[in-house]
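# Coordinates in review
Each chain is listed here by its residues.
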Amino acid sequence: MKYIQNCCTRATWNMAFDEHCLQQFSFPIFYLWRNAPSVIIGLNQNPYAEVNLPYLEQHDILLARRVTGGGAVYHDLQNLNYSIIRPVTGDSDSSDVVQMVADALRRLGVPAELSGRNDILVEGRKVSGYARRVWCDREMIHGTLMFDVDIDTLTQALNVPGSKLAAKGVESVRSRVANLKDYLPQCKDVTDLQRLLLAELAGSDEEVPLPAGFVDEVTRSEARKFGTWDWNFGHSAEAQFSRSARLGCGEVTALLTLDRGCIRSLEFAGDFLGGLPAGQLASRLIGQRYERKTIAEALAPADVSKYFDGAREADIVNLLIG
């Protein structure tokens, strides 16, 4: 299969690259690519409910939204991604593409097999997931290949603290993923895997140069769409979740509904003490962006200690955001 090169490691740019390639190439083509530390969420996901955003901020991990569905995934430079674009036919089935990648891994010595969800497993543990999008008369199927990903960081980045979703836990993530490095002694690093896999998938086909102006178009797409708050946060569908913390006034639970990245409803519950109804404070935050700076600015004119005895503005921000 013919291929193109993509050497950029910035996730928001690579999401724009994916979409632009889907719209530009009408013949079968593939490319291998990597991202610097980042979490990539699916088209229909809400990052507030799926991602440990404070951890991402603390560790300089970028958040990006892709144009395909599915769940959130963690990428770093030890993860290799593949994207395959091809015409859609009446019997198009993404399983044959994923099987092609699995077969290439098997030829390299990895005992890879497909699961019922078309993930690639090695000895029962997941090393690769995939997602798909159809556009006009063609489709894009892209997926991950974990070579030597930092599992601890992956676990923390996808664990939502203080939320009901945190019950997913650490062990459930650790127990079901694996790195390919343990099965590829001939590869000293991920670039060796990239070179070998490129040869396996390309066969005798050649590299296709990018059209003139292609990179500039991708950069513009990143600036106006894939790198914006509106796309990565504001595109979020409605989500309901809760966050809890023990403050000096007692146990406080915030019940939130978010829609398009903004707080649509907020209720405080718990055994906390306060002189004024907490609902009055909650009303200040309705319609605000669900982000630390905006929430802090909305709370600044109020004396939060009147609603939560002895609490500070930062306590409520941390309760809501983390």
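Reading the values: rules and limits
- Residues numbered from 1 in each chain as written.
- Predicted model: local features only at pLDDT ≥ 70, side-chain atom pairs only at ≥ 80, totals over all residues.
- Heavy atoms only, no water.
- Salt bridge = Lys/Arg side-chain N within 4 Å of Asp/Glu carboxyl O.
- Helix = DSSP H or I, 4+ residues; strand = E, 2+ residues; numbered from the N terminus.
- Buried < 20%, exposed > 50% of the residue type's maximum accessible area, 1.4 Å probe, protein only.
- Contact = heavy atoms within 4.5 Å.

Moving on, we come to the pattern of salt bridges. A full pass over the atoms with the stated rule returns 19 salt bridges. With its nearest N and O atoms 3.4 Å apart, the salt bridge here joins glutamate 19 to arginine 133. Of this pair, glutamate 19 sits in helix H1 (residues 11–24) while arginine 133 sits in strand E10 (residues 130–135); the two residues are 114 residues apart in sequence, bridging distant segments of the chain. Under the relative-accessibility criterion, glutamate 19 is labelled buried at 10%. Look at arginine 133 and you get partly exposed, because its relative accessible area is 21%. Measuring nitrogen to oxygen at the nearest pair gives 3.4 Å for the salt bridge that ties arginine 195 to aspartate 192. Note that arginine 195 and aspartate 192 are positioned in helix H7 (residues 190–202) at a spacing of three residues, about one turn of the helix. Using a relative accessible area of 49% as the deciding quantity, one classes arginine 195 as partly exposed. Residue classification places aspartate 192 among the buried residues on the basis of a relative accessible area of 9%.

Mapped onto the secondary structure, methionine 146 falls in strand E11 (residues 138–146). Sequence separation between methionine 146 and arginine 260 is 114 residues; the distance between their C-alpha atoms is 31 Å. Once you skip the residues sitting within four places of it in the chain, methionine 146 turns out to touch Gln78, Asn79, Lys126, Val127, Ile151, Leu154, Val177, Ala178, Asn179 and Leu180.

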